[in-house]
Amino acid sequence: MIKASGKNLDIWIRRLFPFLFRWELDPNALTVTGALVSTGAAAAFAVGSPRVAGVLILAGGFFDLVDGVVARHRGIATRFGAFLDSTLDRWADVVLLVGISVHYAHEGAPQLVALAGFALATTVLVSYTKARAELVLGHFEIGLLERAERVVILAAGALFGLLVPALWIIAIGSAITAGQRIALAYREMSRLDAAEAKLEPPR
């Protein structure tokens, strides 16, 4: 799910897209549809149609944006829905960069394949550090480049013929974000460890 500021996001989505709330749409179906559209964007990248890919990325992002709003509006937000959303977000992140890698492999540009691979690795690290930290720390939001920013940057790069600069921004920005999260996790987990050590009875 592309994040934005909770209640404000819900209000704006309801105002801009009232038709979404006239029918009993299944939020999980919206989530899956968004993932399928993103897969189509990856295929478009792979066959050398970056502008088509850019349009599809934005379309997939739309479904990803509204699924949670619809769930909250209907009062049917579930733990499985959140799990499915997060899982398919990771699928979309990975498959888009794989599609770009395939394109550059066909073009005979190994250095750009490597750049897409680097962007993929740092993107996965961003989501993994959050997932692992939240097992201990609960809510864990920090970083220069969240998923919403990555989606917009990749779509803009595809649409305006600036895919290579977009990949560099995503790769470096994601690396910085992962570093920020690791630093915060170290600080907060060290604090918890120290607090627990004080509570342990002397041996």
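Above this text is the structure in question.
Analysis parameters
In this convention, every chain numbers its residues from 1, walking through the sequence in written order. Per-residue local features of the predicted model are confined to residues with pLDDT of at least 70, and side-chain atom pairs are confined, for both listing and counting, to 80 or more; whole-chain, interface and lining totals are unaffected and use all residues. Hydrogens and water molecules were not included; the side-chain quantities draw on all heavy atoms of the structure. When two rings of Phe, Tyr or Trp (its six-membered ring) have centres within 6.5 Å they constitute a pair, described as stacked for plane angles under 30 degrees, edge-to-face for angles over 60, and tilted for the intermediate range. The helix count covers DSSP runs of H or I at least four residues long, the strand count covers runs of E at least two residues long, and both are numbered beginning at the N terminus. Cavities and pockets are found on a 1 Å grid laid over the protein atoms alone: a cavity is a set of points where a 1.4 Å probe fits but cannot escape, a pocket is an open set with protein on both sides within 12 Å along at least five of seven lines, and a lining residue has an atom within 4 Å of such a point. Grid points are joined across faces, edges and corners, and a volume is the space filled by probe spheres set on the points. Residue type decides the class: Asp, Glu, Lys and Arg count as charged, Ala, Val, Leu, Ile, Met, Phe, Trp, Tyr, Cys and Pro as nonpolar, and the leftover types, Gly among them, as polar.

Visitor: Talk me through the packing of aromatic side chains; I want residue IDs and the actual numbers.
Guide: Applying the stated criterion across every chain yields a total of 2 aromatic pairs. With 5.8 Å between their ring centres and 70 degrees between their planes, phenylalanine 62 and phenylalanine 63 make a pair best called edge-to-face. Centroid distance phenylalanine 80 to phenylalanine 83: 5.9 Å. Interplanar angle 40 degrees. Geometry classified as tilted. Of this pair, phenylalanine 80 and phenylalanine 83 are both found in helix α4 (residues 79-106), 3 residues apart, which corresponds to roughly one turn of the helix.

Visitor: Account for empty space enclosed by the protein, with residues named and values stated.
Guide: One pass over the structure, following the stated rule, counts 2 cavities of 30 Å³ or more. Of the pockets and cavities examined, the largest cavity occupies roughly 140 Å³. Contributing to the lining of the largest cavity are 15 residues, with Ser38, Gly60, Asp64, Ala92 and Arg147 lying nearest its centre. Taken together, the elements giving at least two residues each to the lining of the largest cavity come down to α2 (27-46), α3 (50-74), α4 and α6 (147-159). Of the residues that constitute the lining of the largest cavity, the class distribution is 7 nonpolar, 5 polar and 3 charged. Quantified by volume, the second largest cavity comes out at close to 100 Å³.

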